[in-house]
Amino acid sequence: MNNTDTICAVSTPAGVGGVAMIRVSGSDAFELVDKIWQGKRLTSVQSHTAHLGYVMDNTDDCDERLDQAVCTVFRTPNSFTGENVVEISVHGSRYVQQRLLEVLVNNGCRMAEPGEFTRRAFVNGRLDLAQAEAVADVISSTTRASHRIAMSQMRGAYSHRIDELRDSLLELCTLLELELDFSEEDVEFASRGRLLELANNLSAELSKLTASFSKGNAVKNGVPVSIIGQTNAGKSTLLNALVGDERAIVSDIHGTTRDFIEDTVNIDGVLFRLIDTAGLRDTDDRIEAIGIERSLRCAEKAMIILWILDCESQNPLDDYSCRAVSEIMKRESECCVLPVLNKTDVASSERIQDIRTQLEEFGNGRLHASVEISAKTGKGVDRLTEQLKSLSGIALVDAEDILVSNVRHYESLKQATASINRTVEALNSGLPGDLIAQDLRETINHLSSITGKITTADILQNIFTRFCIGK
Ligand code: GDP
């Protein structure tokens with residue numbers, strides 16, 4: 001990828017629209033667009049001004065007006081990419097967009113690669129790597145919560161925090177390395193007690209950031225909610241009631257959902273990933289058994305588990321379901337099991353009370369208070385969605401909260417936490433300064449890779465090729 005030539009691409013979504021925008025970026029952007037522009041010379045207009053004129057089709061021996069357009073001019077370095085940029089807004093016909101690109105290329109532009117505008121913004125220091133990645137997150141955000149994290153990351157709050165942590169580490173490391181230079185003289189520039197205190201604080205901060213990934217990831221990709229329960233308890237009916245669509249097959253034939261079905265629903269700005277699983281029962285059917293096994297594995301990854309209990313069933317708390325729920329509750333990662341009593345439209349109040357009592361005995365304080373619903377009539381489903389919202393804790397995402405939502409950052413933070421913890425151990429056991437400095441350097445490198453202070457061509461390639469052309 002050449003970083004000096006002038007590139008062009010359609011930056012609005014593919015297809016027909018009221019208006020389409022073609023972005024041109026590079027040192028020769030003004031001269032190249034001027035060749036096909038009937039209007040004020042863009043080479044001589046001021047930055048951040050918009051101009052009405054015509055884009056001309058000057059190829060194939062013709063010279064005719066292709067469309068009336070508005071060119072907005074941004075002069076280096078005050079543009080998205082940091083280079084000279086012209087944004088050409090034309091009428092959104094497919095032909096005009098396509099032809100204009102051809103004309104631009106015939107006049108000396110090159111078609112941009114995926115993510116090349118944002119990559120140039122990074123290379124020219126307009127954005128750091130975490131901010132560049134946030135551009136993609138803002139574009140793909142679908143809920144208020146995911147939009148909030150992406151915006152905060154794009155504005156640089158997260159990068160700023162990472163840089164602060166990195167700077168304190170650099171200070172520690174410099175003091176230790178100074179000591180190494182004077183090793184003959186047996187001086188100690190960095191008091192070990194002070195170093196330990198700083199390393200402990202950093203370790204706590206890094207662990208907190210790393211731990212925020214489970215929430216950050218849930219905000220970005222949806223809170224995983226697993227719907228489990230006996231066959232015919234009403235799991236698919238509930239999924240459909242929550243999603244508002246006939247997504248899962250509802251039938252009174254036992255074992256209809258043999259694998260899991262996933263769908264997302266946006267509840268007041270929070271995205272939930274609902275997973276309807278195969279009904280829990282002891283079965284000889286091999287395929288069904290595999291489905292049940294997969295359901296349990298998928299429940300292991302959920303943040304919230306809706307345990308659907310069928311009030312019409314002879315024994316809603318059968319041994320098999322209770323064993324499965326007990327297994328889930330034993331796992332280490334945080335999850336909440338919310339019992340949902342279904343089919344209350346046809347159950348007597350004595351029956352409902354009886355199941356509640358059985359649940360209390362079984363749960364012994366480990367289960368969340370149950371919710372009573374009728375998935376079929378919709379009664380109580382709004383109470384259930386309220387519970388989902390409050391259990392996710394995401395409705396309360398503060399604009400100031402720093403949540404890690406990017407897997408690459410999470411991996412780097414995990415490694416940074418491991419190496420700072422080694423530093424703490426080394427300090428506690430009185431290891432020599434050069435070993436401590438080595439771990440500190442490692443921590444610094446991991447943090448630097450998040451904002452792109454240290455990076456490789458492979459990492460950049462990996463990040464930017466996931467963008468679309470035009471971004
Ligand atoms: P699943 O096997 O757990 O997914 O159960 P389904 O959603 O397929 O439902 C099994 C049967 O129970 C279907 O005939 C549904 O119409 C019925 N059903 C589900 N929810 C309710 C409810 O709240 N009330 C009543 N009366 N029937 C329900």
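Cut-off values and rules
Residues numbered from 1 in each chain as written. Predicted model: local features only at pLDDT ≥ 70, side-chain atom pairs only at ≥ 80, totals over all residues. Heavy atoms only, no water. Phe/Tyr/Trp six-rings, centres within 6.5 Å; stacked < 30°, edge-to-face > 60°. Helix = DSSP H or I, 4+ residues; strand = E, 2+ residues; numbered from the N terminus. Buried < 20%, exposed > 50% of the residue type's maximum accessible area, 1.4 Å probe, protein only. Near = heavy atom within 4 Å. Polar contact = N/O pair within 3.5 Å; in protein donor to acceptor, adjacent residues only side chain to side chain. Nonpolar A, V, L, I, M, F, W, Y, C, P; charged D, E, K, R; others polar. Expected span 1.5 Å × (residues − 1). Arc of directions from axis to C-beta. pLDDT = per-residue confidence, 0-100. Contact = heavy atoms within 4.5 Å. Salt bridge = Lys/Arg side-chain N within 4 Å of Asp/Glu carboxyl O. Pairing = 2+ DSSP bridges.

Participant: How do you make sense of the packing of aromatic side chains when you look at a structure like this?
Facilitator: Any pair of aromatic rings gets described here by the distance separating the centres and the angle formed by the planes. For the coordinates displayed, the defined rule picks out two aromatic pairs. Ring centres 4.1 Å apart and planes at 15° place the aromatic pair Phe213 and Tyr410 in the stacked group. With a gap of 197 residues between them, Phe213 in helix 8 (residues 213–221) and Tyr410 in helix 14 (residues 407–428) connect regions that are remote in the sequence. Exposure remark for Phe213: the relative accessible area of 11% places this residue in the buried category. Ring centres of Trp307 and Phe362 lie 5.6 Å apart, and the angle between their planes is 70°; this geometry places the pair in the edge-to-face category.

Participant: Sorry, what's going on with the site of the ligand here?
Facilitator: Around the ligand, the surrounding shell holds 18 residues, and the nearest of these are Asn232, Lys235, Ser236, Thr237 and Asp345. Asp345 is positioned such that a nitrogen or oxygen atom in its side chain is 2.9 Å from a nitrogen atom of the ligand. Within the contact set of the ligand, an oxygen atom lies 3.0 Å away from a side-chain nitrogen or oxygen of Ser374. Among the elements that make up the shell around the ligand, the one with the highest residue count is helix 9 (residues 235–243) (three residues). Among the residues making up the shell around the ligand, the classes are represented as four nonpolar, nine polar and five charged.

Participant: Whenever I open this one, helix 12 (residues 349–363) confuses me. Can you help?
Facilitator: Side chains three or four residues apart in an α-helix point the same way, a direct result of the helix having 3.6 residues per turn. Between its first and last C-alpha atoms helix 12 spans 21 Å; for 15 residues at 1.5 Å apiece the expected length is 21 Å, and the two agree. Turning to helix 12, its buried residues are Arg351, Ile352, Ile355, Leu359, Phe362 and Gly363. Projected down its long axis, helix 12 carries its buried residues within an arc of 100°, all on one side. Projecting away from the buried face of helix 12 at angles above 90 degrees are the exposed residues Ser349, Glu350, Glu360 and Glu361.

Participant: I keep staring at the confidence of the model for the chain and nothing clicks. Help me out?
Facilitator: Any segment with low pLDDT has predicted coordinates that should not be analysed in fine detail. Averaged over every residue, the pLDDT of the chain is 86; residues scoring 70 or more account for 89%. Per-residue pLDDT, averaged within each element of the chain, yields its smallest value for helix 10 (residues 286–300) (68) and its largest for helix 1 (residues 29–34) (98).

Participant: Hey, could you run me through the environment of Val105 in this one?
Facilitator: Along the polypeptide, Val105 turns up in helix 2 (residues 94–106). Exposure remark for Val105: the relative accessible area of 34% places this residue in the partly exposed category. C-alpha separation for the pair Val105 and Leu32, spaced 73 residues apart in sequence, amounts to 9.5 Å. When near neighbours in sequence (up to four residues on either side) are disregarded, Val105 contacts Cys8 and Met111.

Participant: Even after reading the chapter, I still don't get the pattern of salt bridges, so can you show me in this structure?
Facilitator: Oppositely charged side chains are able to pair whenever their charged atoms sit close together. Per the counting criterion, the structure on display carries 24 salt bridges. Close ionic contact of Glu386 with Lys389 constitutes a salt bridge, the shortest N to O distance being 3.6 Å. Highlighted residues: Glu386 and Lys389, both in helix 13 (residues 381–392), separated by three residues, approximately one helical turn. A residue is classified by how much of its surface remains accessible, and Lys389, at 15% relative accessible area, is buried. In this structure, Arg422 engages Asp439 in a salt bridge whose closest nitrogen and oxygen atoms are separated by 3.2 Å. Remark: Asp439 occurs in helix 15 (residues 433–451) and Arg422 occurs in helix 14; sequence separation between them is 17 residues.

Participant: Explanation requested: the sheet that holds strand 5 (residues 64–74) in the structure shown.
Facilitator: Note: strands within a sheet are paired through backbone hydrogen bonds, in either parallel or antiparallel orientation. Pairing within the open sheet is mixed, and its seven strands lie in the order 3-4-5-6-2-1-7. Looking at the sheet topology across the chains shown, the edges are occupied by strand 3 (37–38) and strand 7 (110–111). Bridge analysis of strand 4 (residues 49–57) against strand 5 gives nine bridges, and the strand direction is antiparallel. Within strand 5, the residue paired with Leu52 across the bridge is Val70.

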